[in-house]
Amino acid sequence: MTQTKPEPLAPEDFAAAVNRLVLTRWGAAALVAGLTFLCVHALAIPLPTGPLLGLAAGLAAYNAVFTLLNGWLERAPGLERDQRVRWYRRLVLLQVLLDWVAITAFVHFTGGVTSPAITLFLIHMVIVTALLETRSPYVYPALATASLCLVAALEGSGIIQHHDVLPWGAELHRDLRFVTAPLAFFTIAAFASVHMTNLVVVRLRERDRQVSALLLASQAASSSIEIDQVLDHLVESVVRALSAKAAYLRLLVETGDHVDLAASIGLSARYLDHGITDVAQSQIDREALSGAPVVIADSQTDPRVARKQEAIAEGIASLLAVPVLGRRGPLGVLHVYADKPSFFSPAHVTFALSVAAQGAAAIENALIHEHLQRAERARGQFVRTVTHELRSPIAGTLSLAHAMRDGLVGELQPEQKSMLARMSARLSALAELVNDLLALAASQSAELQESPRQVDLLSSLRYVIEQQAAESQAKDVALHLEAPATPIIVEATDQGLARVFGNVVGNAVKYTRRGGRVEVRAVVEGTSVVVTVVDTGIGIPEKDLPRLFEDFFRASNTRSSEITGTGLGLAIVKRVVTSFRGIVTVRSTIDRGTTFTVTLPLAAAHRSASGVLPDGATA
Ligand code: ADP
């Protein structure tokens, strides 16, 4: 397996590592002092008490300084992340150096090369390799071995004093054969421990990186329907997680025999500039599309690499290609490139397959979304065409019926009159349905809507009240508007507001019996305007309220009544109000009346300017 470079540690990881080192060192200082005391007084081992206690005190002293420094670094304001990491690195290096000096001194005071404390070096080495980012983990065992050899040489030659601690013979430290053996075994143990620890740590960090990359990829795949962004994100995460050089994703075109570039990272435009590629020409794509991952250990010698010269020029030494498999078959191929030969391991293949699976899910979601949008557009188009075709003949027939009813083509018999009246009523209901269908199609399609701008809500309300005046007078229903004198500016369209309030006020008049009342009130509340339309009409059964805003829904009490309607008005109201970022709600008591409330946000610039009229003022 090719080892990847360890990922640089984050400041938080450094802080945690330093904290652990500091904690271990407190233990070490206490142990040095405690063991010295025990050995000298209980076991009568002739240890140099003064230097050893001095060493314990020294350990504790520099540990206290590092505790303070670490705390300061954790809290230091105004330090950039990179600066913080640099400081941590210096701090850690200094600690490791001091520890190394302390252990060397401890070994010297406890018998030099004959000391049983030599193994302490090993513990420290494993801790440092496991906790910290180690670019060259073998420097430390090399230094430790060198310092041990130095102590052995200085003691052996008598330049520094040798402390005879164990009863192994006073002159053993001068015996080259005796000195070489522990030194040789120490060296082997030191390098082996560091090597093994480093292998495990690098592997763990790599896994860690892959898991977070996969998590990010799956979040991106499920959170966004912008397919281009999702695919860009996927190729980026595969390159980052595998520490690879580049990656690109090609998707099968509809005919299924060519692949086209969908996303790439780390490759030159020259390399990518091949347009749609015939799958038959690329053995790697063919193999991958058949469902099996392809690992090319050396792109210069493998016959499956078709564009060898270009790959060499691009610095591609090995590659991995995995299929992007959808629920109904392959959707494309994900290629990952490395600048070293034999880079990709089975673990890399598994990871790339997982990323490709995320890609497949995202692509399929996006395709479903696109199909839905297309279907929605087609539906809108269908409704518009049909209703346009119906509108003119209905209007024409209706005016002919009115002309006949008014006697323009001769006197009519009472029976003929009644049939004509029924015909006109049916045609009017049909015209209303066609208009509502058109309005519904318009409210569903962005292309048919004007973009919202700043408009005065009150002028729309006044217009609607005027429109309904004749109908309400004919029914003897009192219709009142209560609103501030100053304009109420919202982000909307005049046409949209007229449709919303035309429907709600029109319904209130329509579903209120003779002699009833309809009150329309507009009040500014905080950053919104609240319009309530209160009637004393027939009300809506409670069980019907949750479905009131559905397309074609009519409450049970109106379905059985003479009052005609399409059940589309409120569905349109809801869509239009939502498109203006507002909400519409309803409360109703059967046979007592209904209140519709439309709340719309005020246009940003007018939020504090609008006033509220005193109670009872009528515009
Ligand atoms: P319609 O064309 O039937 O009026 P709407 O979508 O405008 O369709 O309204 C849906 C249903 O809600 C109506 O059929 C009616 O049952 C009920 N409704 C709406 N407004 C009122 C109201 N003010 N009073 C009583 N019922 C109402």
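None of these values were measured; they are calculated from a predicted model.

Cut-offs and rules
- Every chain begins its residue count from 1, and numbering advances along the sequence as written.
- In keeping with the model being predicted, local features are shown solely for residues with a pLDDT of at least 70 and side-chain atom pairs are shown and tallied solely at 80 or more, while totals for entire chains, interfaces and linings include all residues.
- The side-chain numbers reported here are obtained from all heavy atoms of the structure, hydrogens and water having been left aside.
- Numbering of helices and strands runs from the N terminus; a helix is a DSSP stretch of H or I covering at least four residues, while a strand is a stretch of E covering at least two.
- Based on C-alpha atoms, the radius of gyration is set beside the globule rule, defined as 2.2 Å times the residue count to the power 0.38.
- Three exposure classes are used, based on accessible area relative to the maximum for each residue type with a 1.4 Å probe and protein chains only: buried under 20%, partly exposed in between, and exposed over 50%.
- Any residue with a heavy atom lying within 4 Å of a molecule or strand is counted as near it.
- Residues adjacent in sequence count toward polar contacts only when both atoms are side-chain atoms; beyond that, a polar contact is any pair of N or O atoms within 3.5 Å, and within protein one must be able to donate a hydrogen and the other to accept it.
- For this classification, the nonpolar set comprises Ala, Val, Leu, Ile, Met, Phe, Trp, Tyr, Cys and Pro, the charged set comprises Asp, Glu, Lys and Arg, and every other residue, Gly included, is treated as polar.
- The contact definition used throughout considers only heavy atoms, calling two residues in contact when any of these lie within 4.5 Å.
- Pairing between strands requires that DSSP locate at least two bridges from one strand to the other.
- When two rings of Phe, Tyr or Trp (its six-membered ring) have centres within 6.5 Å they constitute a pair, described as stacked for plane angles under 30 degrees, edge-to-face for angles over 60, and tilted for the intermediate range.
- Placement of a positive charge over a ring is assigned whenever Lys NZ or Arg CZ falls within 6 Å of the ring centre and within 35 degrees of the normal to the ring plane.
- Structural elements are reduced to axes, namely lines fitted to C-alpha atoms, with helices fitted over the stretch in contact, and the angle between N-to-C directions of any two is expressed from 0 to 180 degrees.
- Working rule for handedness: look at the near helix, and if it is turned counterclockwise from the far one by less than a right angle, call the crossing left-handed; if clockwise, right-handed.

A. Geometry of the overall build of the chain. When you go through the chain residue by residue, the secondary structure sums to 16 helices and 13 strands. Here the C-alpha radius of gyration of the chain, 42 Å, is well above what a compact globule of 619 residues would show, namely 25 Å. Seen through its principal axes, the chain has C-alpha atoms that stretch 145 × 70 × 40 Å. Counting all 619 residues of the chain, 44% fall into the buried class.

B. Layout of the site of the ligand. As a matter of local geometry, the ligand sits amid 20 residues, with Asn507, Tyr511, Arg554, Thr558 and Leu570 nearest to it. Separating an oxygen atom of the ligand from a backbone N or O atom of Ala555 is a distance of 2.9 Å. At 2.7 Å, a backbone N or O of Leu570 approaches an oxygen atom of the ligand. When residues of the shell around the ligand are traced back to their parent elements, those giving at least two are α14 (494-510), α16 (569-579) and β13 (593-601). Counting residues per element, the shell around the ligand draws most heavily on α14, at 3 residues. Split into classes, the residues belonging to the shell around the ligand amount to 9 nonpolar, 8 polar and 3 charged.

C. Here's a closer look at the side chain of Thr145. For Thr145, the position within the fold is in helix α5 (residues 139-156). The buried category is assigned to Thr145, whose relative accessible area is 10%. Leave out the neighbours within four places in its chain, and Thr145 touches Phe186, Thr187 and Phe191.

D. Representation of the pairing of strand β12 (residues 583-589) in the model. In β12, alternate side chains face the same way, and those of Val584, Val586 and Ser588 are buried while those of Ile583, Thr585, Arg587 and Thr589 on the opposite face are not. Note: β12 against β13, 7 bridges, orientation antiparallel. Bridge assignment links Thr589 to a residue of β13, and that residue is Gly593.

E. Inspection of the packing of aromatic side chains at higher detail. The tally for this structure, following the rule as stated, stands at 8 aromatic pairs. Both rings, one in Phe121 and one in Phe186, keep their centres 5.9 Å apart while their planes meet at 65 degrees; by these two values the pair is edge-to-face. Of this pair, Phe121 sits in helix α4 (residues 119-131) while Phe186 is found in helix α6 (residues 176-223), placing the two residues 65 residues apart along the sequence. For Phe121, a relative accessible area of 0% gives the class buried. One aromatic cluster is present, formed by Tyr248, Tyr271 and Tyr337 through successive ring pairs. Sitting above the plane of the Trp87 ring, Arg90 keeps its charged end 5.1 Å from the centroid. Over the aromatic face of Tyr271 sits the side chain of Arg307, whose NZ or CZ is 4.7 Å from the ring centroid.

F. Looking closely at unusual backbone geometry. In this structure, Ser342 is a non-glycine residue whose phi angle is positive, near 50 degrees. Its location among the elements puts Ser342 in the loop between β6 (329-338) and α11 (346-405). Here the phi dihedral of Phe552 falls at roughly 65 degrees; this positive angle occurs in a residue that is not glycine. Of note, Phe552 is situated in the loop between β11 (528-535) and α15 (556-559).

G. Summary view of the packing of α14 against α16. Viewed as axis vectors pointing N to C, α14 and α16 meet at an angle of 140 degrees, and their least axial separation amounts to 9 Å. Relative to α16, the crossing made by α14 is left-handed. Taking contact as the criterion, the partners of Gly496, Arg499, Val500, Asn503, Val504 and Asn507 in α14 are, on α16, Gly569, Leu570, Ile572, Val573, Val576 and Val577. For the contact of α14 with α16, the per-class residue count stands at 7 nonpolar, 4 polar and 1 charged.

H. Inspection of the environment of Gln468 at higher detail. In this fold, Gln468 is placed in helix α13 (residues 457-474). According to the relative accessible area criterion, Gln468 is buried, its value standing at 15%. Residues Gln468 and Ala33, 435 residues apart in the sequence, show an inter-C-alpha distance of 97 Å.

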